[in-house]
Structure formats: structure tokens, C-alpha cells
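Observations on chain architecture
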Amino acid sequence: MDSAHTCFVHRGLFRSNPAQFINVVIRGTNDRVVAETKGENQKKSGEKDLRVLTNKKEIRHVDEYHYPGSLQIDYWFGKSHLVTHLHVTPNDTGKTSVYIRMGLQFGFFTRAIYPVIWLITRKVVKQDRAILENQQRMISRMGKRSFHHSLADMSAVMLSDLYKSGPRANKPEWEQEENVSFKL
Ligand SMILES: [Fe+2]
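Here the structure is a predicted model, which is why all the values come from computation and not from measurement.

**Observations concerning the layout of surface pockets**
- Of the volumes computed, that of the second largest pocket is approximately 350 Å³.
- What lines the second largest pocket is simply Ile100, Arg101, Met102, Leu104, Tyr114, Ile117, Trp118, Thr121, Arg122, Val125, Lys126 and Arg129.
- Contributing elements (two or more residues each) for the lining of the second largest pocket: strand 6 (95-105) and helix 2 (110-142).
- The element contributing the most residues to the lining of the second largest pocket is helix 2, with eight residues.
- Broken down by class, the residue content of the lining of the second largest pocket amounts to seven nonpolar, one polar and four charged.

See below:
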């Protein structure tokens, strides 16, 4: 749910240098955190990344975390849609398994775009894995976590808080809303 990492970890592939202010509305309920990004467009800086597939349409992006370890990521570009489901489960100290399924709908171009998305996703996952393994090595070496957050990863903070506290089943109406703006 940390959109800002894509500009650095997946630079030139998924996104590029942060160049445009976007608004994110983040809502936390008793067992979910939902973050909706608005105002993102294919950049005019000349840098090419996956957003060229959007044909300059505004990108609507929703991340939805469900306690304890599921995430749905939706991207809409006009009528085109890309959805990703991730299910995460710990399997040993410092080791986590991540299961990913994706679906896409690009109308007439769906079959043509499928192998492109498949190849890019494999590369994106490889980049995420390298970062997470490096982070885990540092946590193991230091013996503890020491995370520092910024406005850009507010949704990850809310996710982390919910994960630690557990679902608030006795307060179904509980809701927290944050509006943040940062460059993406
Ligand atoms: Fe990533």
C-alpha cells in the first residue's frame, strides 16, 4: 500500500521519478484499510513506463487491505482494468510466502497486453523481493525493526496499526479518514 516506493524500486518500469502531485484518501474501518489515489496521469516528462498503456487517461487506483494478510489492488484507465490479489502468510521466522493472482481487461487488446503485463509483473516482483530480502537482512543484523514513516506511506502506517491491534469487531462503525497529497 506504499505507492511512493514504486517511483524508486520500480523506476522506469511501473512508475518513474516522482513528478506530479496526487491526492490519496485513506479510510480505515474495523478490519480494512482502503486507499484511493486520484489525479495520476501518464507523465509528459518523456520518461516511458507502464503508464504508456493508459493512453493518457486518468489513472484511478484503489488499494484495499483486509486483515490479516490480504490485499486487492485495482487500477482503472478509462474502461480498462487491472486487478491484483495478494495473500500473505508467514511460514517461518523472517520468512513470508506471498500468493499473487492477477486479472486484466483491456477490451480488444486484452490478449495482446497479457504477455506484456506477465513479463513486467515478474520483474516488479523480483525488484520487490530484492528490497524486502535486503530489509530482512538489516532487521536480522540489528536485532529489531526501526521504521520511519512519511506522509507518502500513511496507508502503510494505518495497515501496520491494524495488523498489530487486530480487527475491532466490537466497533463496526469505527472509521478513520486521512487525506494526503504527495508526488508520484
Ligand atoms: Fe513494489
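**Quick look at the sheet that holds strand 2 (residues 32-40)**
- Pairing in this open sheet of seven strands is antiparallel, and the strands run 6-5-4-3-2-1-7 from one edge to the other. At either margin of the open sheet sits one strand with a lone partner, and together these are strand 6 and strand 7 (176-183). Each strand of the sheet is rotated relative to its neighbour by a mean of 15 degrees, with strand direction disregarded.
- Examined bridge by bridge, strand 3 (residues 59-66) and strand 4 (residues 70-77) share eight bridges and lie antiparallel to one another. Looking across to strand 4, one finds that histidine 66 is bridged to serine 70.
- Sheet strands in contact with helix 2 are strand 5 (80-92) and strand 6, and its direction is about 160 degrees off that of strand 6.
- The sheet contacts of helix 3 (residues 154-165) involve strand 1 (21-28), strand 2, strand 3 and strand 7, and relative to strand 2 the element is tilted by about 175 degrees.

**Structural notes on a nonpolar patch on the surface**
- On the surface, Val88, Val98, Ile100, Met102 and Val125 cluster together into a nonpolar patch covering about 350 Å² of accessible area.
- Looking at the nonpolar patch element by element, the count peaks at three residues for strand 6.
- Tracing the sequence through the fold places valine 88 in strand 5.

**Re the coordination of the iron ion**
- Taken together, His5 (NE2), His10 (NE2), Asp128 (OD) and Asp128 (OD) make up the full set of protein donors to the iron ion, lying 2.0 to 2.5 Å away.
- Around the iron ion, the four donor atoms sit at angles spanning 58 to 158 degrees, and that spread fits a shape best called irregular.
- Sequence spacing of the donor residues for the iron ion, all on one chain, is H-x4-H-x117-D. Taken together, the residues span a long stretch of sequence, with histidine 5 in the segment before helix 1 (6-9) and aspartate 128 in helix 2 at a distance of 123 residues.

**Some details on empty space enclosed by the protein**
- One pass over the structure, following the stated rule, counts one cavity of 30 Å³ or more.
- Put simply, the largest cavity is a space of about 70 Å³.
- Every residue along the wall of the largest cavity is listed here: Met1, Ser3, Val24, Ile26, Ala35, Thr37, His61, Asp63, Ala152, Ser155, Val180 and Phe182.
- Mapped onto the lining of the largest cavity, the elements with two or more residues apiece are strand 1, strand 2, strand 3 and strand 7.
- Here the residues of the lining of the largest cavity sort into seven nonpolar, four polar and one charged.

**Focus on the pattern of salt bridges**
- Counting across every chain of the model gives seven salt bridges.
- Here glutamate 177 and arginine 27 are joined by a salt bridge, their closest N and O atoms 3.0 Å apart. Here glutamate 177 is found in strand 7, whereas its partner arginine 27 is found in strand 1, with 150 residues between them in sequence.
- Using a relative accessible area of 43% as the deciding quantity, one classes glutamate 177 as partly exposed.
- Its salt-bridge partner being glutamate 64, residue arginine 32 comes within 3.2 Å of it at the nearest N-O pair. Separated by 32 residues along the polypeptide, arginine 32 in strand 2 and glutamate 64 in strand 3 bring together distant segments of the chain.

Cut-offs used in this document
Residues numbered from 1 in each chain as written. Predicted model: local features only at pLDDT ≥ 70, side-chain atom pairs only at ≥ 80, totals over all residues. Heavy atoms only, no water. 1 Å grid on protein atoms, 1.4 Å probe; cavity = no way out; pocket = protein on both sides within 12 Å on 5 of 7 lines; lining within 4 Å. Points joined across faces, edges and corners; volume = space filled by probe spheres on them. Helix = DSSP H or I, 4+ residues; strand = E, 2+ residues; numbered from the N terminus. Nonpolar A, V, L, I, M, F, W, Y, C, P; charged D, E, K, R; others polar. Pairing = 2+ DSSP bridges. Axes fitted to C-alpha atoms, helices over the stretch in contact; angles between N-to-C directions. Contact = heavy atoms within 4.5 Å. Patch = residues over 30% accessible without salt bridge, like charges linked within 9 Å, V, L, I, M, F, W, Y side chains within 5 Å. Areas by Shrake-Rupley, 256 points an atom, 1.4 Å probe, with all protein chains shown as cover. Salt bridge = Lys/Arg side-chain N within 4 Å of Asp/Glu carboxyl O. Donors = N, O, S within 2.8 Å, 3.2 Å for Na, K, Ca; no water. Tetrahedral: all angles 85-135°; square planar, octahedral: opposite > 155°, others 65-115°. Buried < 20%, exposed > 50% of the residue type's maximum accessible area, 1.4 Å probe, protein only.

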